[in-house]
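# Topology and contacts: notes
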Amino acid sequence: MANVFRETAPERAEAGDRRIGIVMNGVTGRMGTNQHLVRSILAIREQGGVAVGPGERLWPEPLLVGRDERKLRALAEPHGLPFTTDLDSALADDEYEVYFDAQVTSRREGAVRQAVEAGRHVYCEKPITEDLPSALALAELAEEAGIKHGVVQDKLFLPGLRTLKRVLDSGQLGRILAVRGEFGYWVFPGPDPAPQRPSWNYRAEDGGGIVGDMFSHWRYVLDELFGSVTGVYALGAVHLPLRHDEAGAPYDATAEDAAYAIFELEQGVIAQLNSSWCVRVDRGELFELQVDGTEGSAVAGLRECRIQPGTATPRAIWNPDLPDPIDHRSAWLPVPATETDNAFKAQWERFLRHVALDEPFPWDFRAAARGVQLAELGMQSWREKCFVEVPPL
Ligand SMILES: NC(=O)c1ccc[n+]([C@@H]2O[C@H](COP(=O)([O-])OP(=O)(O)OC[C@H]3O[C@@H](n4cnc5c(N)ncnc54)[C@H](O)[C@@H]3O)[C@@H](O)[C@H]2O)c1
């Protein structure tokens, strides 16, 4: 293959391993480097691959792709990985059957289309594209090509939400009434302290905005845990119209940095989710979700989950004239997590098994399109200041 720089790779794959070559694009970014390369693919290699049977394992073999050779080299060299700035030749190389994309959202559609047309299986970050027609078009293209396709839906693999799912599936909360979630933290507008997220996130013209970013998560979290989303009312806000970029220069923040939403779900469940980069955290975790049911309640975060069975619910009496005699926080029981792996890595392992063993992988491009649909309808609701129904796709 042309223009591929290969460092001396530590040879750890063993005879009999099922090698899966992965072209990883956008891997110099925040998500690409930390979550996908280091904590997923390299972590899988460090653990000795994905064990799929006695003495059998899947062995991911990444080829890093990006625009900036200097950055790529700095990332690839310490790990002895090959890299290239030439996406076309990477996609033409039959040694690499999977294409992965964690580029900025606005660049994804073209690259994913190219990968599908080259016959590669594709796994990519969310949101898959910036609008529903293009997301559905990619889903159709992938289905017609018969390739395997998937989208990152990492929140489903978080220990806290996995535990919550177990609690919900047990039925012990009874009929679910409502869900209330808080996501967010203070993202510094800069210049000092420096902002801790990329500046394109706050420019609408570059594909930024918290609705597109977070509603693509809320869609699968709500659909899979509580029932399909059937309607949305959302109000966004550009709370901080001036921010500073990576170089410390001021820019107009044109994308919403907070969204306050109510979702209607199947079976009448009501979910309220606040997403904000303009909130200071007074919770145990950066994301927390409370679920109230007829027989009990649960609170789940990224890692933790606790419940309050109906039979243990304190009898609260409204009397602001006296200190509350009940310690409400102590009326909850921790639920031990059974899974503690990194969420991105857990989903990567599922995708690799899907590619190699044909195991089911429901988080495909159709699921990705549902996330884009909810973001789009959320924006419509905000624009028109009205409740918007979410039709099945
Ligand atoms: N699953 C999640 O929880 C999660 C969280 C954050 C971001 N994301 C998604 O991951 C993707 C990457 O986000 P990120 O936070 O890593 O962004 P980032 O800015 O840190 O990285 C973007 C990557 O795209 C590349 N790129 C290509 N063209 C570019 C351009 N014109 N401008 C800027 N960068 C360009 C960069 O080199 C870099 O490798 C986005 O689609 C975002 O929605 C997902």
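Our structure is the block above this text.
Analysis parameters
- Residues numbered from 1 in each chain as written.
- Predicted model: local features only at pLDDT ≥ 70, side-chain atom pairs only at ≥ 80, totals over all residues.
- Heavy atoms only, no water.
- Helix = DSSP H or I, 4+ residues; strand = E, 2+ residues; numbered from the N terminus.
- Buried < 20%, exposed > 50% of the residue type's maximum accessible area, 1.4 Å probe, protein only.
- Contact = heavy atoms within 4.5 Å.
- Areas by Shrake-Rupley, 256 points an atom, 1.4 Å probe, with all protein chains shown as cover.
- Lys, Arg positive; Asp, Glu negative; His and termini not counted.
- Charge placed at Lys NZ, Arg CZ, Asp CG, Glu CD.
- Salt bridge = Lys/Arg side-chain N within 4 Å of Asp/Glu carboxyl O.
- Polar contact = N/O pair within 3.5 Å; in protein donor to acceptor, adjacent residues only side chain to side chain.
- Near = heavy atom within 4 Å.
- Nonpolar A, V, L, I, M, F, W, Y, C, P; charged D, E, K, R; others polar.
- Pairing = 2+ DSSP bridges.
- Axes fitted to C-alpha atoms, helices over the stretch in contact; angles between N-to-C directions.
- Parallel < 35°, antiparallel > 145°, perpendicular 65-115°, else oblique.
- Phe/Tyr/Trp six-rings, centres within 6.5 Å; stacked < 30°, edge-to-face > 60°.
- Expected span 1.5 Å × (residues − 1).

## Describing the overall build of the protein
Tallying secondary structure elements over the protein gives nine helices and 18 strands in all. Along the first, second and third principal axes, the C-alpha set of the protein runs to 75 × 55 × 40 Å. Counting the 393 residues in the protein, one finds 51% classified as buried. Contacts spanning at least 24 positions in sequence make up 71% of the contacts within the protein whose residues lie at least 6 apart. Carbon and sulfur atoms make up 50% of the accessible area of the protein, which totals about 18,100 Å². Positive and negative charge centroids in the protein, built from 41 and 59 side chains respectively, lie 2 Å apart.

## Overview of the pattern of salt bridges
Opposite charge on two side chains allows them to pair when their charged atoms are near. Scanning the entire structure with this criterion turns up 23 salt bridges. For E95, the salt bridge is made with R19, and the minimal N-O distance between the two is 3.8 Å. Remark: R19 occurs in strand β1 (residues 18-25) and E95 occurs in the loop between α3 (87-92) and β5 (98-101); sequence separation between them is 76 residues. Using a relative accessible area of 47% as the deciding quantity, one classes E95 as partly exposed. On the accessibility criterion, R19 (29% relative accessible area) is partly exposed. D206 is the salt-bridge partner of R203, the closest N and O atoms lying 2.6 Å from each other. The exposure class assigned to R203 is buried, which follows from its relative accessible area of 17%.

## Side note on the side chain of R283
Along the polypeptide, R283 turns up in the loop between β13 (270-276) and β14 (287-293). One buried charge, R283, has no salt-bridge partner; the nearest side chain with opposite charge is E182, at 4.4 Å. Here G184 takes part through its backbone oxygen, which lies 3.1 Å from a polar atom of the side chain of R283. Engagement of the side chain of R283 in a polar contact is seen with the backbone oxygen of L286, the distance being 2.7 Å. In this structure, R283 is in contact with E182, F183, G184 and E288, ignoring residues within four places of it in sequence.

## A word on the site of the ligand
In the region of the ligand, 22 residues are neighbours, and R30, M31, T105, R108 and W200 sit closest. Measuring from an oxygen atom of the ligand, one finds a side-chain N or O atom of K155 at 3.1 Å. A total of 830 Å² of accessible area belongs to the ligand in isolation, and the protein chains cover 82% of it. Tallied by class, the residues present in the shell around the ligand amount to eight nonpolar, six polar and eight charged.

## A short note on the pairing of β5
Burial along β5 is two-sided: V98 and F100 facing one way and Y99 and D101 facing the other are all buried. Where β1 lies against β5, four bridges are found, and the strand directions are parallel. Within β5, the position partnered with I22 by the bridge is V98. Pairing between β5 and strand β6 (residues 121-124): four bridges, direction parallel.

## Some words on the sheet that holds strand β16 (residues 305-309)
Pairing within the open sheet is mixed, and its nine strands lie in the order β17-β16-β15-β14-β8-β13-β12-β9-β18. Every interior strand has two partners, whereas the edge strands, β17 (333-334) and β18 (388-389), have only one. Here helix α9 (residues 365-384) sits on the sheet in contact with β9 (229-237), β12 (258-265) and β18, set at roughly 55 degrees to β9.

## Details of the packing of helix α6 (residues 159-170) against helix α7 (residues 210-225)
When two helices pack together, their arrangement is given by the angle between their axes and by how far apart the axes lie. Between α6 and α7, the shortest axis-to-axis distance is 11 Å and the interhelical angle comes to 25 degrees. Taken as axis vectors, α6 and α7 run roughly parallel relative to one another. Contacts from L161, L164, K165 and L168 of α6 reach α7 at V221, E224 and L225. A class-by-class count of the residues in the contact of α6 with α7 yields five nonpolar, no polar and two charged.

## Quick word on the packing of aromatic side chains
The description of two aromatic rings rests on the distance between their centres and on the angle between their planes. In the structure shown here, the tally under the stated rule is 13 aromatic pairs. When the centroid spacing of 4.8 Å and the interplanar angle of 15 degrees are considered together, the rings of Y123 and F351 count as stacked. Of the two residues, Y123 sits in strand β6 while F351 sits in helix α8 (residues 343-357), which places them 228 residues apart along the sequence. The same class applies to Y123 as to F351, namely buried. Between F351 and F361, the aromatic rings sit 5.2 Å apart at their centres with planes inclined by 75 degrees, giving edge-to-face as the arrangement. Placement of F351 in helix α8 and of F361 in the loop between α8 and α9 is noted, with a sequence separation of 10 residues between them. Of the two residues, F351 and F361, neither departs from the other in class, the shared state being buried.

## What to know about α8
Between the first and last C-alpha of α8 there are 21 Å, a value that for 15 residues agrees with the 21 Å anticipated at 1.5 Å per step. Buried residues dominate α8, accounting for 12 of its 15 residues. Where α8 is concerned, the buried positions are A343, F344, K345, A346, Q347, W348, E349, F351, L352, R353, H354 and V355. Near the N-terminus of α8, the side chain that reaches the backbone nitrogen of F344, with its oxygen 2.8 Å away, is that of N342. At the exit of α8 stands D358, carrying a positive phi of roughly 65 degrees.

None of this, on its own, says anything about what the molecule does.
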